[in-house]
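# Structure at a glance
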Amino acid sequence: MDVLNKEELEAVVAHELGHIKNHDFILMTIVSVIPMILYQIYAYTCRNRNNPTYIIGLMAYGAYIFSQYAVLFYSRIREYYADDFSMRISNSNDALSSALIKIAYGYTKLENKKTVKANALGVINNLHSQGFVLSNYKAAENGEVIEKLIAWDTRSIWGKLYELNSTHPLTAKRIMAMKGKYIENKGLCFKSIISFITEVIVNYLPYGICLAIALSDIIESLVWNEFFTSLIIGAYKSFIKNPINLSILGLTLLIRHYFIYRKKHESNTIKELLMREDASPIKGIPAVLEGTIVGRGVPGLFYSDDLVLDDDTGIMILDYKQPIKILEFLFGTFMAEELIGKKVKVIGWYKRGSRPYFVCKSMIMDDKKINCYSYLVSKILAYGVFVAGLIIYVI
């Protein structure tokens with residue numbers, strides 16, 4: 001009960017009661033059965049490709065994929081009804097919209113220094129939001145910043161993709177619906193389309209190159225071998241017998257690495273980063289943040305490795321990322337708690353997915369430095385593959 005102030009907590013509880021009042025649990029259970037039935041039809045009819053029912057199975061599988069998105073769409077519609085119920089019960093649209101701004105965007109002001117104790121109710125997609133807001137925060141009232149935050153949701157291609165795969169509508173759409181305002185859609189500008197395409201191409205370039213180089217050898221090996229064996233034989237023929245291809249793969253890994261992890265980290269405030277409409281889940285914006293660790297990314301979870309930073313202009317999830325998951329678990333279990341309440345300088349990259357977050361490269365406090373090695377491992381791997389190809393070629 002420590003997560004929101006009284007009015008916001010009442011609005012969030014009313015939202016959840018709205019789901020009960022509207023029978024959403026029953027309705028969602030019923031509609032969720034449809035994809036399961038379609039998949040079972042596919043599984044039963046596609047056992048024999050020579051059987052005429054095989055075509056029915058393929059059609060069922062196509063319908064299964066479509067139905068998954070239809071269920072998500074229906075779930076998003078039900079969220080609007082729950083929001084409407086909350087507004088009618090609480091006689092206000094400000095309390096719930098304020099809670100959404102806190103939970104989804106992290107744009108808040110801290111009134112009393114206090115650590116996060118528990119996560120919010122499922123008022124938004126908790127798998128994405130991580131519900132890190134508490135009662136002693138209040139939503140900031142800078143209209144320009146909120147407008148920028150909403151603009152990313154409504155105009156970004158990434159935002160539209162996240163909503164398509166989410167059980168909840170974009171936060172901006174919910175806020176605008178509660179206020180009875182029309183969401184202005186200016187369309188996608190040429191620059192944003194080019195930026196999106198570039199990011200997708202660069203991010204998946206190594207996989208595309210690898211597939212393009214090795215596909216013919218893998219298909220050739222499939223005639224005589226099992227699939228896994230064919231992968232090994234195809235990779236050997238494509239990259240070991242032709243080591244220049246290995247160097248080409250390494251070059252694409254280097255391009256991807258330096259595109260994602262750009263240099264020139266400059267000091268920023270959380271407010272300044274939240275206003276960046278060019279943020280994306282792929283290309284990080286290099287930055288340095290300074291503030292106080294006020295809690296874990298998932299409050300109450302004893303092994304939560306992510307942290308929450310407050311710099312008096314807003315709060316931000318710090319994504320503690322290591323190449324091996326066990327290192328994240330050990331950090332969350334034995335070290336994270338000690339950092340709460342301490343002032344830190346964080347070097348890393350700002351990204352924007354379904355909510356804003358900051359990928360850590362290093363955290364500095366007093367005379368102590370904590371490093372995240374995913375960045376370094378990515379760099380070593382890229383250079384290693386590139387150099388290995390050259391060495392094998394020379395040998």
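What you are looking at is a predicted structure, and each value in this text was computed from that prediction instead of being measured. (Residues numbered from 1 in each chain as written. Predicted model: local features only at pLDDT ≥ 70, side-chain atom pairs only at ≥ 80, totals over all residues. Heavy atoms only, no water.)

Along the backbone of the protein there are 15 helices and nine strands. Counting the 395 residues in the protein, one finds 46% classified as buried. Just so you have it, the protein exposes about 20900 Å², and 63% of that area is on carbon and sulfur atoms. (Helix = DSSP H or I, 4+ residues; strand = E, 2+ residues; numbered from the N terminus. Buried < 20%, exposed > 50% of the residue type's maximum accessible area, 1.4 Å probe, protein only. Areas by Shrake-Rupley, 256 points an atom, 1.4 Å probe, with all protein chains shown as cover.)

With that settled, the discussion passes to the packing of helix α10 (residues 227-240) against helix α11 (residues 243-260). Closest axis-to-axis distance for the α10/α11 pair is 5 Å, and the angle between their directions is 90 degrees. In terms of their interaxial angle, α10 and α11 are classed as roughly perpendicular. Contact residues: Ser-238, Phe-239 and Ile-240 in α10; Pro-243, Asn-245, Leu-246 and Leu-249 in α11. Residue composition of the contact of α10 with α11, by class: five nonpolar, two polar and no charged. (Axes fitted to C-alpha atoms, helices over the stretch in contact; angles between N-to-C directions. Parallel < 35°, antiparallel > 145°, perpendicular 65-115°, else oblique. Contact = heavy atoms within 4.5 Å. Nonpolar A, V, L, I, M, F, W, Y, C, P; charged D, E, K, R; others polar.)

With that settled, the discussion passes to the packing of α11 against helix α15 (residues 374-394). Where α11 meets α15, the axes come as close as 7 Å, and the angle between the chain directions of the two elements is 160 degrees. As the angle between them shows, α11 and α15 are arranged roughly antiparallel. The way α11 lies across α15 gives a crossing that is left-handed. Taken together, the residues of α15 that come into contact with α11 (itself represented by Pro-243, Ile-244, Leu-246, Ser-247, Leu-249, Gly-250, Leu-251, Leu-253, Leu-254, His-257 and Tyr-258) are Tyr-375, Ser-378, Lys-379, Ala-382, Tyr-383, Val-385, Phe-386, Ala-388, Gly-389, Leu-390, Ile-392 and Tyr-393. Here the contact of α11 with α15 is built from residues that sort into 17 nonpolar, five polar and one charged. (Left-handed = near helix turned anticlockwise from the far one by under 90°.)

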